[in-house]
Structure formats: structure tokens, C-alpha cells
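Summary of structural features
The primary structure of each chain is shown beneath.
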Amino acid sequence: MLSFILVCASGFSGLGAPSVPVAVEAPVADTGSISGKVVWEGDRPDPRPPLKIKDTETKGCIHEGGVDTEDRTLLIDANGGVANVVLTIKATDVKVPESPIELDQKGCRFEPRVIVVPVGATVRYANSDETNHNIHTFAKKNQPLNKNVAGGTHLEQTFSKAEVVEVKCDVHTWMKSYVVVTDASNFAVSARDGSFKIEGLPPGEYKVEWWHEELGKGKTETIKVEAGKDSPMTLKVSASSKKKKGGRRRR
Amino acid sequence: MADRGDTHYSVPSLNRWFAISSLALLIAALWMVLHDFDRPWKVYQREYQEIEVQRAKAALSTPEAQEAIAEEQRLASEIEEIKRSQAQGGGDLASAEEELILLEDEKAKADARARVAKQEAGWQRFLTDEHRVKHGEDAEYQEMLEELVERERVMMETANALKEITAKVEAKKAEIERLNADLEELETRMKLATKNIALVRKKLEELDPTDPVRRLANLVRDDIPGLDFVGPTLKVRMALPPKLTFELNFTKKPRIDMCQTCHMPIDKEGYTEYEQPFVSHPRQDLYLGSKSPHPIGEFGCTICHRGAGEALTFQRVDHRADDEEQAEEWREKYGWHKQHYWDYPMLPARFVEAGCVQCHKDSLEVIEPDAPKVVEGYKLFERYGCYACHKVDWFPTKRRPGPPLKKVLEKTTPEFIASWVTNPKAFRPTTWMPQIFHLENYSADTEVAISNYGTGRPMMGDEWSDAALASVTAFIQSRSATDPLPEIPLEGDPLRGREVFRLSGCLACHNVAPFTDEERAEVDDLAQELGGTNEHGPNLRGIATKVAPEWLYQWIKDPTAYWEGTRMPNLRLPDQDIADIVAYVFDDPDGFFHDVPEGWEPRLTSYKRDVLEEQARWFFNRMRPEDLEDKFQGPWKADRDLLVAMGERWVLQQGCFSCHEIEGLEDANRIGTELTTWGSKTVDKLDFGFIPEIFAKEAGFEPGSEEEYEAVHEFKAYRENFLQQKLHAPRSFDREKIKNPTERLRMPWFDFTDEEVEALTTFVTGLVEDEVEQARMIPTEQQLAVDTGLRVIRQKNCIACHVLEPGTIEFDDEDGVHHSVKGQMSFFDEDSVFPPSMEHFDRDLANYIADMRDYEEDPEWYPEELYAQLLETDVELGETGTTFAISNVASIRTTPPVGGRFVDLVMRYYVDPWAYNPETDEYDICLTGDPDGEGRIQDVDGEWRDFSEEPFDKLRWTYAPPVLIGEGEKLQRDWFFRFLNDPEVLRPQIRVRMPSFHWEDNEAGAVADYFAAAAEKDWPREYARQLQIQLGLTPAEIAQGIIAELGLSGSSAEQVAGIAEGLPVETAAGLPNLLAFGEAHNFRFHPAVNPIYERIPQRTPAWLKRYFDERPDFYKDVHNLVAGPGGPTCVQCHGLAGRPPTNATPIGWAPDLTLVRERLRPDWVRRWLTDPSKVYPGTTMPANFDLGSEQWQDLYPAPSAEQIEAVTTWLFNLDRALIEN
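Keep in mind that what you see is a predicted model, and the values were worked out from it rather than measured.

Helices and strands together make up the secondary structure of chain B, namely 50 helices and 15 strands. Scaling as 2.2 N^0.38, a compact globule of 1221 residues should have a C-alpha radius of gyration of about 33 Å, whereas chain B reaches 43 Å, well beyond that. In terms of principal-axis extent, the alpha carbons of chain B reach across some 150 × 135 × 85 Å. Sorting the 1221 residues of chain B into buried and exposed places 35% on the buried side.

This brings us to the overall build of chain A. When helices and strands are counted, chain A shows 0 helices and 18 strands. Buried residues in chain A amount to 46% of all 251 residues. Within chain A, counting contacts between residues at least 6 apart in sequence, those at least 24 apart form 68% of the total.

With that out of the way, let us pick up the nonpolar core. Formed by 160 residues in total, the largest nonpolar core has its most connected members in Val86(A), Val179(A), Val180(A), Val906(B) and Tyr1010(B). With 9 residues, the single largest contributor to this core is helix 38 (residues 1003–1015) of chain B. For this core, the two domains that each supply at least three residues are domain 1 (1–46 + 75–91 + 185–240) and domain 2 (95–183) of chain A. Once residues within four sequence positions are removed from consideration, Val179(A) is found in contact with Leu103(A), Ile115(A), Val117(A), Val123(A), Val165(A) and Val167(A). Residues Phe381(B), Met459(B), Phe722(B) and Leu723(B) belong to the second largest nonpolar core, which totals 72 residues.

Taken together, the 38 residues of chain A in the interface contact 47 residues of chain B. Where the side of chain A that touches chain B is concerned, the elements lending two or more residues are strand 9 (133–138), strand 10 (145–149) and strand 12 (163–168) of chain A. If one sorts the elements of the side of chain A that touches chain B by residue count, strand 12 of chain A sits on top with 4 residues. When its residues are assigned to classes, the side of chain A that touches chain B shows 6 nonpolar, 15 polar and 17 charged.

We now examine the domain arrangement of chain A. Residues and elements named next belong to chain A. According to the domain assignment, chain A consists of domain 1 (1–46 + 75–91 + 185–240) and domain 2 (95–183). Of the residues lining the interface, 13 residues belong to domain 1; the matching set on domain 2 comes to 13 residues. For the side of domain 1 that touches domain 2, the secondary structure elements donating two or more residues are strand 4 (86–89) and strand 14 (186–189). Taken together, the residues of the side of domain 1 that touches domain 2 break down into 6 nonpolar, 5 polar and 2 charged.

The next subject is the sheet that holds strand 7 (residues 114–118) of chain A. Residues and elements named next belong to chain A. One open sheet accounts for 5 strands, arranged 7-13-12-9-10; its pairing is mixed. One side of each edge strand has no neighbouring strand; the edge strands of this open sheet are strand 7 and strand 10. Put simply, the sheet's adjacent strands are angled 20 degrees from each other on average, direction ignored. Across 5 bridges, strand 9 lies against strand 10 in antiparallel orientation. Counted as the bridge partner of His-136 is Asn-146 from strand 10.

What follows is about the packing of helix 34 (residues 901–911) of chain B against helix 35 (residues 952–959) of chain B. Residues and elements named next belong to chain B. Relative orientation of the contacting elements helix 34 and helix 35 amounts to 125 degrees, with a least axis distance of 10 Å. Viewed along their axes, helix 34 and helix 35 adopt a mutual orientation that is oblique. Our pair here, helix 34 against helix 35, has a crossing hand that is right-handed. Note on element contacts: helix 35 touches helix 34 through Phe-952, Leu-955, Arg-956 and Tyr-959, opposite Val-906, Met-907, Tyr-910 and Val-911. Among the residues forming the contact of helix 34 with helix 35, the class breakdown is 7 nonpolar, no polar and 1 charged.

Moving on to the sheet that holds strand 15 (residues 195–201) of chain A. In a beta sheet, neighbouring strands are held together by backbone hydrogen bonds and run either parallel or antiparallel to one another. Residues and elements named next belong to chain A. Strand order in the open sheet formed by 3 strands is 15-3-18, and the pairing between neighbours is mixed. Here the strands that pair on one side only, and so sit at the sheet edges, are strand 15 and strand 18 (230–238). Adjacent strand axes in the sheet meet at a mean angle of 25 degrees, parallel and antiparallel pairs treated alike. By the bridge criterion, 5 bridges tie strand 3 (residues 32–41) to strand 15 in an arrangement that is antiparallel.

The next subject is the pairing of strand 12 of chain A. All names here are of chain A. With respect to burial, strand 12 is a largely interior element, 6 of its 6 residues being buried. By the alternation rule, side chains of strand 12 split into Glu-163, Val-165 and Val-167 and Val-164, Glu-166 and Lys-168, which are all buried. Bridge count for strand 9 against strand 12 is 3 bridges, and the pairing is antiparallel. Bridged to His-136 within strand 12 is Lys-168. Relative to strand 13 (residues 176–182), strand 12 runs antiparallel, the two being bridged by 6 bridges.

Next up on the list: the confidence of the model for chain A. Residues and elements named next belong to chain A. Per-residue confidence for chain A gives a mean pLDDT of 84, with 84% of residues at or over 70. Low confidence marks residues 1–27, where pLDDT is under 50. Its contacts with residues over four positions away, or in another chain, come to 55 contacts. Contacts from residues 245–251, a stretch scored under 50 in pLDDT, to residues over four places away or in other chains number 27 contacts.

Now for the environment of Cys798(B). Residues and elements named next belong to chain B. Inspection of the secondary structure assignment puts Cys-798 in the loop between helix 32 (781–796) and strand 7 (808–812). Exposure remark for Cys-798: the 22 C-beta atoms within 10 Å place this residue in the buried category. Each C-alpha atom of the pair Cys-798 and Asp-829 lies 32 Å from the other, and the pair is 31 residues apart in sequence.

What follows deals with the pairing of strand 2 (residues 251–254) of chain B. Residues and elements named next belong to chain B. The pairing of strand 1 (residues 245–248) with strand 2 spans 4 bridges and is antiparallel. When the sheet's bridge partners are listed, Thr-245 is paired in strand 2 with Pro-254. Between strand 1 and strand 2, which follow one another and run antiparallel, lie 2 residues, and Asn-249 among them has a positive phi close to 45 degrees.

Here we come to the packing of helix 24 (residues 609–619) of chain B against helix 26 (residues 639–654) of chain B. All names here are of chain B. Orientation of helix 24 relative to helix 26, taken along the N-to-C sense of each, is 40 degrees, at an axis distance of 10 Å. One way to sum up the angle between helix 24 and helix 26 is to call them oblique. By crossing handedness, the relation of helix 24 to helix 26 is classed as left-handed. Only Asp-639, Leu-642, Leu-643, Met-646 and Arg-649 of helix 26 make contact with helix 24, whose side of the interface consists of Arg-609, Leu-612, Gln-615, Ala-616 and Phe-619.

Let's shift gears to helix 34 of chain B. Helix 34 of chain B sits mainly inside the fold: 10 of its 11 residues count as buried. On its buried face, helix 34 of chain B sits against helix 18 (494–503), helix 19 (506–509), strand 14 (937–938) and helix 35 of chain B.

Basis of the calculations
- Residues numbered from 1 in each chain as written.
- Chains lettered and ligands numbered in written order.
- Predicted model: local features only at pLDDT ≥ 70, side-chain atom pairs only at ≥ 80, totals over all residues.
- Helix = DSSP H or I, 4+ residues; strand = E, 2+ residues; numbered from the N terminus.
- Rg over C-alpha atoms; globule rule 2.2 N^0.38 Å.
- Buried ≥ 20, exposed ≤ 12 C-beta atoms within 10 Å, placed from the backbone.
- Contact = placed C-beta atoms within 7 Å.
- Core = buried A, V, L, I, M, F, W, Y, C linked by C-beta atoms within 7 Å.
- Domains from an automatic or database assignment.
- Nonpolar A, V, L, I, M, F, W, Y, C, P; charged D, E, K, R; others polar.
- Pairing = 2+ DSSP bridges.
- Axes fitted to C-alpha atoms, helices over the stretch in contact; angles between N-to-C directions.
- Parallel < 35°, antiparallel > 145°, perpendicular 65-115°, else oblique.
- Left-handed = near helix turned anticlockwise from the far one by under 90°.
- pLDDT = per-residue confidence, 0-100.

Structure below.
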């Protein structure tokens, strides 16, 4: 059981990306929440080697201390917390935010690695660098997009179908992120330490669905949510939940 | 006359008998006339008339017709009303018309009066003038002058009166017209309303008149003998194709096809619900219709269908049943049997495509979609190398179909040769090499010969064949060079070899499929599945037991060194790659290359010396027996020498040299019958042997019985029977025959399937004497380019790697509307590793549903909708690249793209390079050369990368062979031609090799032309344009020329004349007329392909001036935009004049921009720069100049469209721009 509930302070949480750590009080309302942590079970894989990026490729990438070369495919912190796991619950109708959800290109990396976008919402692809980037979405159900975004400008796109969309910049081949378009009403992305909190849930019993770019997807057991209370939960993921290669399914 | 009593007969009774017999004769004569008159075809025509009457009545009772009739009645009553009101209301119109008559009468009178007055005035003036000249101005003159004045006054008066009355007439006319206008308008409307039904009514009135007099007339002219010359409705109808003749007893007579007499609606559309002969031809778009390429007036029927066109009974036409069931039905119904006195019976439905060959020798590839069976036969004829033994003078493929044997010992062993020739399929079940020995006419259990010409022991077929096999092996061995090949200079790495083998392209044409269907069903590896294009080359399974490693190394390095005409191309692999492949094949970690079918064992054939000697006696029967016996003791004493001598005889006799080049036998004559006009050969020239009798016996007919006679004759009546039997069992016509062993039939056994036999029979039956020279399709140069190009593309197997046409998706939308679009089904979901197969979509969908039912724990789960991407713009669904949803999932049907199967193999390799391991029941065998076994693949920069983490589309467009859809619009023809001859590296990161092919003649040109021609949609326009330029004629002159020289008349002449008034030449004249005109003026359209694309207007001074006037530093400005910082940074991915892209990883590399100028076409470049995803959906290239917004204004201030134009211009002048910078 987790002894604290803390949403991490980096830009890695899904929506809104709060800029300072906020201790979340249990909301006094008619909704409840689920919070907890995604943790790695079993032997931890060796951390991935840093990306190989050459100086010639990073002209116009605005970042202090050079481009971040961390491989963010699978991030496990010292305590076993797994970052960038998307957790969703279909509790009510989808709430479409009024303002666009931002995916920035900064220092020749996408920030954040993964964003969750309710069906019908708009994503604003920004470019905070001086160099040109292109937004190449490998959408299968939404219209694909491959346009450049000059330094300091932005593009917008509205998603109408739920799917996981990989986003790449072809100019800088290492740049990669995911737009998780969901038809779920409540969701969260696990923070750097694996912690998450799904709020605003009407009382009831839910199964949490989760997805991770490397580990695939799954569902938890039923969790009970009561009004005004927080239900704790720990999601254990391991190497065996790793997405299987093709072959046997022939699709 | 009374009986005189002096005769022995009674005259009155004789008279009676005369009367009776003459009456009987009269009745018989009448009956004969009637019977003769009532021809069988009239029965059909009457029946057809009934159908027509029914159809006309039905047409008049449709809602539309009913509506038209109602409208007609309404208008009629309106007209009636108007007329009536006119008549009643004092008759406005009637009285006006009466008044007009009166007025016109008056006008005529006034006119006469005015003319008389004018003449009189003129005469008076002359008289007056004459008087003045003769007599001066005297008193009489004064009188005359007065008279003149009076006359002129009258003239004026009458003229005015005429003017008045004319005005009145006009006014009256106008009044009448006004009164009539309403009526006329109504009548026009009525005509329009009844336009569609008027024809039907007319027809109905003709066939089934309501007027009793006409009814009677119809009866008289159709049904009374002797009166049927007065335009009967029942009559013989015929087509007289003007240019087609028929060979009859050494003369050519015009073809007359009377088939329409019974098959009346054959050239009309819409007769589908009736029985023969009252049905339309099923392909009106292609045949008989006036707009089809084969209108009935020009082609008739028998040129394609055969049969007796001038016959008018079912039997005499020589109809032909398609199967026994139909034959039985016809026998009962029509007493049908073969028409014995006709040599060219109708082709049954299953062979009907044979009729295409005679006209389409130069366009077989083009007609394939409409004549698949005969073209399949043509391809089989090529693939099995039939043309090598059987001459077909026009056959385009000439090379020997089998490999040369001049250096065969470098490649394999005598043991292998012996076993292989014995039964090639025992080693490779899919080989095209036929079996030659141990066939039925040397069957194992029969005596073939008696030794010593009848004095020794009987020799059995088995011994005979074995001795032949041993001699052939010895002979081939004796004629093969034996210099040892050099050793392989490099050490190979088998695991790396596997990667090279799988990625370089070997598996595009070859497969390593297991030998049996059951084994193949168990593998999950595209390399081990048979897939059409990967059967182009031989199955490589077991190959390590056949060839020597040194030979394989040399073969891959340069296939033409061993076999000049081989279709195996040179992949230009580095020596290390070749050594690795050889190491892979011989180390064989996958166990493919040492796997041989059960029972296969290479070994020399054992033989008996006395059989060999006996064979020599037969083969050398011109030698004196003593000489021959001397030879056995002398030069042929050693078995080896006798074997070689006999081997040569056998090779010559069996024709091995036809397919294989053999030292010393290069010019030997083909052994097969020439087939150029085989289909015209009459059946009596074919030796059916005793096969018909044997079959009749097997069918249970009593020998000598009438049934047996019928069966035998029917079998012998059709040349196709001979051919099918020959193809199935080539030596069966020797059955039950006693024949000299050296004279027995020689055609080898190919083990054709029934479908192959049918296709080949169709093709060979179609090889007939040229009776259609004039009507034969003369392909345009464009069609010729397409035909040759398609053939070469097939022969070089281009479609193994390149997609030529996207796949098709058919589905019903939520409104039940059916759609058929070009596209690709999208990934089912984010867990899918590959997009669903377009070939096995149902299988993949079923797997997906099963997976999801597990995951959702819902046994009823079914996808709400699936997604697909358009690969060709669809009017309703959107532009190329659009993703669309399909909600009626069950209605989806997919057709795979044409070509590109190897792309799937490459993608499998990059995305999921793991093989199934039965020991662990996991896919954990790494198929790549990764030394760590982690499935990484070596990139061209030497790095090992895990590509499975890259998006599928990105890999597809970067590492797989390019699609060639619309490639002709993209590439300059000349560059393409050069590239085919000498491929240059465009994308160094692609591991698949574009091979260097061995092109014959103009094959490379044909391929380049094909793509250019296939992309060229308005070819007639270009033809017309070139015609004008080369002949120096204006469009109007061309129009005049066409009308005058081609003798056009009527509406077509009018249309052509319209060119002078500005109608476009190509559409107004029509391509056939243009071609005829061009040909008459010796105009040849060279090059075959539209040269418009080769003109690069971007390089002309006038074009450039526009840019330089505005920007003196134009090149520099665009260079900054393209390559400078802050721009779209094209050089991050594209090289520029040999300078590599700034991207460090090969996945981000694209072709050098300097290639554009000679390689691409400007229109395509413009389209590409505007929105690359609409050209290649999924491509890595982004839309850099978004038309919806203005970008890069600090670098090149102009709207996006102008920026695109500027970049295009810069690209096509890059050579100049680079010099300047």
C-alpha cells in the first residue's frame, strides 16, 4: 500500500502538466478517485543506452546542456516506479476539453512522451525550437498528418477516433511520442516515479485499463470507488507483459 | 372417251386413276413447297417476334412509359381544345388563313400591276428620249413628256400599292404564326414526351399491327410461298464482314455469317432472361456492339467462334457442346452429331478464347484481362519451353528455356544428372523440366526389341530406358568442360549470409518451400510459402545437394558467365555478401538446403551392355552389320565409349538440345512439329493412333457396334481432343502399336494439370492460318509498348518486388451502398504488428476477432468498424491518403495489389525477424545476422538496429522496394531506360538490390516505354500534336485531308469538319481516323511515348527570366530556403551534389537532390512538393510548403504555391545553381 499520494512535478503527467508538486487532498465531493503506483515486478532490465545523436543533427535545438539523449521507451525509477503508463476508466461520457492539449517539440525531443486526448479534443503541436520540425502521425483510424512546423509556430489537429497514435519527427529521427486518443472519461498517466491518480469517478466498480508503448495493454481487477474517498491501487507490470512480437498472430 | 373395246385396259378407269394420281401429285407438290418454305429458322424468328411483341408491350407498361402516355393524352386533349376553340370562336385562325389567301391573291395582282406600270414607264422614257434626239424638243416632244410624267405617276402609285399589300400579308402571316405558336409548342412537347415510346410503338405496329389490312399483308408476305419476295419480316439475316475471308478449296472467299438469322438479338443489349438463341452476347462492351472494338458488321461471328456461317440449321452450323450433358441434351432435341463435312467446327465455350490469337499475336498481354485462359496458355507455352521444340514463327521468346550443359560438371555431378534426367520431379516437384524416359511407349513390362534383330533375348522397356539414361549422362559428361572453378576467395559467415539471402532479393524469385502441401501448411514464413512470383526461379530447397559451392559463388557473382540467356539477374553483391550466402547455403542452419524429397538419391544408372549394343543396331541401321560388330570390338569396346556414342543419338533423338545448349549440337534441328498454323490443320492429318478405339472400349462400347463407331468418330472429329490427349499423355498415341523402337513418339511428359492442358489447348488451337490480315489488330505504338513491356515485366518478374497496382477494397456503407475503392486495410489496432493481408483478409480478421474476444472476455465481441486508407482518389470517399471507416465489417472483400509480394517479406524481416522454434513453442529463433541474436539488422552505416521499434510506414517507404504505381508520370523515360541498363544507387540504405538485368534487344526500352505509356492518359492528343508538327499541317488542313482521303461522309465528315471551327483534333477526328491518316502520310510516332514529359520548360531562358527579373539572386535565394537554417531543412534528409544528408541515421536519408533534373518530371515534382502524402500515403517526406498557410517568408517571401514553383525551377537547374554558388 502506498503511503503517499503525489502527482509528480515534471511535464510527464498527462493533462495540464502542473508545474509544481501538489499534494492532493481527498476531494470532498460526490465523486471518488483511484490513486496508486505502477511498479515493476521481477528483475529489472538494464537501462537502455542513451540515444546516439550527433552534433551536426541538432542545429537549432534549443536546450540547455545539449539535447537530452535519454531513451524513454521504458523508464523505471530506483524504486521500481514505471513512468508513462496510461490508465483509463470509462465511467461517464467523454469530456472534451475546450482548449487544445499541447505536445511541444523542445530541444529536439517531444514533451511530454505521451499525452492522453479524449475523442473530439484538439492537439496543438508546438515547436519551441529554432529549427524546423515535422509532425508525422502514424494514425490508423484518424487522418494521418505529415507537415512541417517551422521554429516558433504550431499546428493543430482534432482527433475523432480512439487509438494510440505514434508521433515522429522525420527530420530528427530519434524524436518520438504517443498521442493516446481515448473514449474513456477518466484517465491519468503515471509520473516518473510511477504514481498516478484518476479523479472525478462517480461511485461504482471499475476495471482500470492500462497501456504502455513497450509493455502493451491490460486490465485490472474490479476496484470499488466511493464518493469522497480515494481507492488505492498498485499496478504491477513485468517483462512478461511485454508486447509480443508478431509471428504467431499473423496480423 | 368411251371404251372402244379394242384395248386391254379400260379407259374410264384409267382416267380415274390418272385423276387420282395427279391429285396426289399435286398435294405432294404443295406439301413439298410448304414444307420447304417452312424453314427451321422461321420457327425461331416467329418465336423471337413473339418475344419482341411481349417486350414492346412490357416497355409500354413501365411506369415511365405510362407517364409518357398520360402526358401524351393530356397534351393531345389540350391541342384538341385549342383547335376546337379556334374553330368555334369565329375561327380566329381559320379566318385569318382565309384572309391571308385573299390578301396574297391581291398581292399577286398588285405585283403584276406594278410591274406592268414600271415597264410602261420605262418604254415611254425611251420613246421620249429617242424623239428628242431625232427631232429636238418640239411640241410632240412636250406631249410625250406629259405622257411620261403620267406613266411615272402610275408606276409610283402601283409600287406603293404593292408595298402596302405586302405589309398586310406579312402582318397576317405574323398573326397566323402567333395563333399557331401555342399549338406548335404543344406538338413539340408531345413529340418529346413520346420520343422514347414512339420507337417501341413503331416496332409493335410493324410486328403486331392493329390495322387488319396490315395484318393480312404480314401474313401474305411471310406465310405464303412465292410471295415472300415482297419485304417479308421473316428473312435470313447476315453479317458480311468486309475484310474477312475464308479458305475454301485453295481459294479465298468472303465470309458470310448468317448466325443472326436465329440468334436475332445477339448484338442487342438486354436480352438476358431468355434461352438460346434469344440472348444477347454476354460482352456487348467488347463484342458486336457498334461501339465495341469488334462490331458485328466488321467481324461477324465465325472468325472467333468458327463453325459454318452460311448454314441455317442447328446441325449444319456445326454447333459444339461444351460438355457431355449438353451434348446429350442436343442429341435428344436436335439429333445433334458432328457435322462430318465441315473442317472447322465451332469452338466449345471452354476453348472459345482460341479465336483471339489470330488477330492478337502482338497484343496478347494487353488482352489478358478479357481473355485470361488463352493468355495463360500462351504463358505456359513460354514457361514450359514448348516453343523450343515446336516452332511458332511469331513467338516473341527465343532463348533456350533450359540452362546450357557446356559446363554442367562445374555445377553438379554425373550422379545428380543421371537421377535428375530419370525423373526431375523426384528432386524438385515444382520443376518445369519434363520426364523423358521410362514413359509408356517404353513401358517396363513390355518387350521393346528382340536382341540381334530378332535372334537374341527380348529386351524390356525398363532396361531400354536405363541404357538410354546411362548413355545420355555419359554423353553430357563428355561434352562438359571440366576445368575446376577457382576457390571461394573469402570466408563466409552463415548467419550474416542468412540476412543477405533474405534481404537482398533472392526470395523475390526463389522460395525454399517444403515439398508437400501438408508441410507447407505448417510453416509460418513467407519464404517457405509458394506465392506466384516467388516461383519464378526454382525452389532452392535441397540445392546444397545439387550444386558445388564454388559454382554457386560464381553463379551469383555473374550468372551470365554460365548462362548467357538466363533470367537470373546480377545483384551486384559485394564478394563478402556472396561468400556469406554460400556459407549459409552449405552450413544450412535452417536445414533448407540439404532437405530432399523422400526417396531421392543421386546415383548413376545401371545398364546392360547387350541392350546398349541393340540400341546401336537400331540407331545405326544404315551401317553394315559386320562393320557395327567390328566397332563393338574396336572403338566402342570400352562401355564408356559406346555410352557416349549412344548418348549422342539419344540426345539428338529426344531433342535435349532444344532446351539446353550442348557442345557440338548448337545448330541441331528442332524435333517437334511446327505449330504456327496447327489450329488450321484438318483432323484427318492427325494420327489419333488407337486411342479413340481404346477409349470406346473402356467406355463399354461393343467393338464393331454402331455406338462404338459413333464414339470413335466423334473423338476423331475434333482437333482439341487430339491435343488434350497429347498433353496429358504425350506418348499414348503409340498405344497398341508395333513400332520400331527408334521411331516411337518423343514428346516428354510434363505432368500438366487439367487446367494447364485446357489453357494450352486453347492457345494452340488458336494458332491458325492468317485469314485476317486486313482485320488484324495493328497495335498502336503505345499498345505495342504496353504489350512488350508487360511481357518483359513478367519475364523479369518485376512484380515480385514492385507494386504496379494497389489492391481493391469492396464494402457496403451504412446506407447499403456498395463501394469499390483502391486502398489498403489499416492496422486493426495498436497491437497489430502488420496491417491485415489484402490476400488473406478473412483469415487475419478472424484471428483479430479471436484475440479480442479473449482480451475482452466477451465471446460475442465484434469490431464496430474497421479502417482503411485510400490509395487512389475516390469521388465519394476522398483523396489519395484519406483514412476512412467501414462500419459494415462483414461486407468487406479485398483483392491484393498487383505485385510487391516481396515487400511483405522485407517488412516481416524488419518488423518481426523471428522464426518459430518447435522446441520451445516460441518464436525465438533470430533470423537476422545479429551476433547477439537479438533480432537487430545491420544498417548501411554498420550499426545494428532494432527496427521493430520504428513505425511500419516509415520502414515500408525507407527499406522496401518502391511502388511503381503511376511511375511513368514520375520518371523521365530516358533516365528510366538508363537506370534499367545500369542501376545507380538512389537510396543507399535499402538492402534489397535493384538487379542488373540481362536485357535482350530493346527489352529495357520496352519497360521504360510501358510505364510512360501506361501513365499517358491522353495519348491521342499527343499523337495529333505530333502529326501537326511533323507534317506541317494546320488542324483545318488535317480535317480536310481526313475527309477527302478517307472518304468520310455524313455525320462523321461533319464532325471532322468541325476541327476547322475549333473542335480538338484528337476527339473530333477519332483515333482510328487519325491513325489511318498518319499512316497514309508515312507518319510514325517516335518515340513511342509522349515526349512532352521530356521537355523541361523550367530550363528554358524565357522561364528563368521571369525569376531573375524579380530576384537577381534567384538561385541563392532558393538555396537559402532549401538548405539554410530556419527553412524546411531539406538537406537534413536529402543529399546535395554528393554531400551526404546531415541526418546521421540511414532511416532519415532520402535521394540526392541533384538527381531530380535528369530523373523526375516537373509536373510530378510539383505535385510531390505540394503534398507528398497524396502521392505516396505514409511517406516520410512532409508537406513542406503548406498551401493553407504562409511560411518561410523571411527566407523567400512569396505564397506557398510560388515557393513550390521556385523550388521546382531551382531543382531542374541545380547544375547551374551549384556552379553559381
